[in-house]
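A look at the structure
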Amino acid sequence: MIGKFQIVIHDSRVRYELELERKITIIKGNSGTGKTTLYELVYDLKRQRQSFIKCIYENRVMALTEENWKSEITKYENRFLFVDEGLHFVSTLEFAEYVQKSGNFFVIISRSGRLKWLPYSVNSIFEITGEKRGSIMFNRLFARYAENHDSNINPALVITEDAKSGYQMMNYMLKCGVEPASGNGNIKNMIHSYSDRGILCVIADGAAFGAFVGEVSSLLKLNGGYLYTPESFEFMLLHAKAFQRYLGEELTETYQYCDFAEFSSWERYYTDLLNRLCSKFPIQSYSKHKLDDFFYEKQFTDVVKEFLSDLDASLFAI
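Now for a description of the structure that goes with this document. The structure presented is a predicted model; accordingly, all values stated were derived computationally and were not measured.

Time to look at the sheet that holds strand β7 (residues 105-109). On the basis of which strands lie adjacent, the open sheet formed by 9 strands has the order β4-β1-β2-β9-β8-β3-β7-β6-β5 and mixed pairing. Strands at the two margins of the open sheet, each flanked by one partner only, are β4 (54-55) and β5 (61-63). As paired strands, strand β1 (residues 5-10) and strand β2 (residues 14-20) are joined by 6 bridges and run antiparallel to one another. Each bridged residue has a counterpart across the sheet, and for His10 the counterpart in β2 is Arg15. Across the sheet, helix α1 (residues 35-47) touches β1, β2, β3 (24-28), β4, β5, β6 (80-84), β7 and β8 (125-133), and the angle it forms with β5 is around 110 degrees.

Given below as structure tokens:
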């Protein structure tokens, strides 16, 4: 399933307009912002309890329940499945495995954020904003997290999510200390451990960092730290001149190319795309585990520096 979809669902009192382009969309927010009402509208739409509920893509929009979630996920494809985090299965590894194998879109109403098994993007987390127009409340989504850095950031330490290719590049390029965490879930522990080192900067793959961004952002704010969440390290490398002549809109309109029946996240799509393009060069393939010398060329370090342009120039060793 590929594409960007405008989902509109409404009754006589409330209207929701959602734009979906990723496999997993998370809707957060405080009580009373309309999250539960959205799920209930979708639930009632399927069961036709209220015939005055209208929805674009009506036959493809449905709510998962405790009783039907496994059968609905496996039975259907190319559907928009709405889920409320209050259902006990949502935070389980089993549900995450079903989601990753599915070719459907998932819209998850979340309050606690305890969804660590799901690889969803920082850019797919939204809140609902409403505006009263006459007797109808119009609701749309707006991004919950947006990077807003100062210029000339000079951290004492950079933390990467693991010791793989992204860490290897940062360790090569930066003069300051660079330390890898053992996965996204350990970044918060690293922040606590190195809080006495001064300003910290965390660099993580945004395409699969959604479950951790809230807690990590809050911790970094306490010590004046910064968080960078580019889509992925592979996404940065793909901007190099060597690859640009082979690309169309894959990086700007990824939703038109990343089939969620094949890739559970954009991060995996970018890794696959990078490997396919590498076959046109002597390197032949890209490895997350060990960065080939090919990628230490200036054209690649230049694009990484551009993505990290808020960092003080004196931090770069090259």
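There is more to say, and it comes next.
Before going further, it helps to spend a moment on the packing of aromatic side chains. Within the structure shown, the criterion is met by 26 aromatic pairs. For the ring pair Phe209 and Phe212, a centre distance of 5.9 Å and an interplane angle of 35 degrees mean the geometry is tilted. A residue is classified by how much of its surface remains accessible, and Phe209, at 0% relative accessible area, is buried. A centroid spacing of 5.0 Å and a plane angle of 55 degrees characterise the contact between Phe235 and Tyr270, whose relative ring orientation is tilted.

Below, the discussion takes up the pairing of strand β11 (residues 177-180). A regular strand carries its side chains on alternate faces of the sheet. Strand direction decides the pairing type here: strand β10 (residues 157-160) and β11, joined by 4 bridges, are parallel. Its bridge partner being in β11, Val158 is matched across the sheet by Val178. In this view, the connection linking β10 to its parallel neighbour β11 by way of helix α4 (residues 165-173) has right-handed handedness.

Turning to the pattern of salt bridges, a few remarks are in order. Evaluation of the coordinates by the stated rule reveals 14 salt bridges. Note that Arg15 is salt-bridged to Glu17, the shortest N-O span being 2.8 Å. With relative accessibility at 24%, the residue Arg15 sits in the partly exposed group. Within this structure, Lys4, Glu19 and Glu21 form a network of salt bridges that share partners.

Residue position: Tyr39 is located in helix α1. Put simply, Tyr39 and Val83 are 44 residues apart on the chain and 7.2 Å apart in space, counted from C-alpha to C-alpha. Among all residues touching Tyr39, those that are not within four sequence positions of it are Ala63, Leu64, Thr65, Phe82, Val83, Asp84, Leu87 and Ile109. Within the structure, the side chain of Tyr39 is placed 2.6 Å from the backbone oxygen of Leu64, a separation counted as a polar contact.

Glancing now at helix α6 (residues 210-222). At Val216, α6 shows its largest bend, some 25 degrees. Along α6, the residues classified as buried are Gly210, Ala211, Phe212, Val213, Val216, Ser217, Leu219 and Leu220. Buried residues along α6 sit against β8, α5 (187-193), β12 (200-203) and β13 (226-228). Looking at the residues trailing α6, positive phi occurs at Gly224, about 70 degrees.

So, about the side chain of Ser232. Structurally, Ser232 can be placed in the loop between β13 and α7 (233-237). A relative accessible area of 0% places Ser232 in the buried class. When residues no more than four places from it in sequence are discounted, the contact partners of Ser232 are Asp205, Glu267 and Tyr270.

This next bit is on α4. In terms of burial, α4 is a largely internal element, 7 of the 9 residues being buried. Among the residues making up α4, those that are buried are Ser165, Gly166, Tyr167, Gln168, Met169, Met170 and Met173. Buried residues along α4 sit in contact with β10, β11, β12, α7 and α10 (298-307).

Reading the values: the criteria
Residues numbered from 1 in each chain as written. Predicted model: local features only at pLDDT ≥ 70, side-chain atom pairs only at ≥ 80, totals over all residues. Heavy atoms only, no water. Pairing = 2+ DSSP bridges. Helix = DSSP H or I, 4+ residues; strand = E, 2+ residues; numbered from the N terminus. Contact = heavy atoms within 4.5 Å. Axes fitted to C-alpha atoms, helices over the stretch in contact; angles between N-to-C directions. Phe/Tyr/Trp six-rings, centres within 6.5 Å; stacked < 30°, edge-to-face > 60°. Buried < 20%, exposed > 50% of the residue type's maximum accessible area, 1.4 Å probe, protein only. Right-handed = clockwise from strand over helix to strand, strands pointing away. Salt bridge = Lys/Arg side-chain N within 4 Å of Asp/Glu carboxyl O. Polar contact = N/O pair within 3.5 Å; in protein donor to acceptor, adjacent residues only side chain to side chain. Bend = angle between axes of the 7 residues up to and from the residue.

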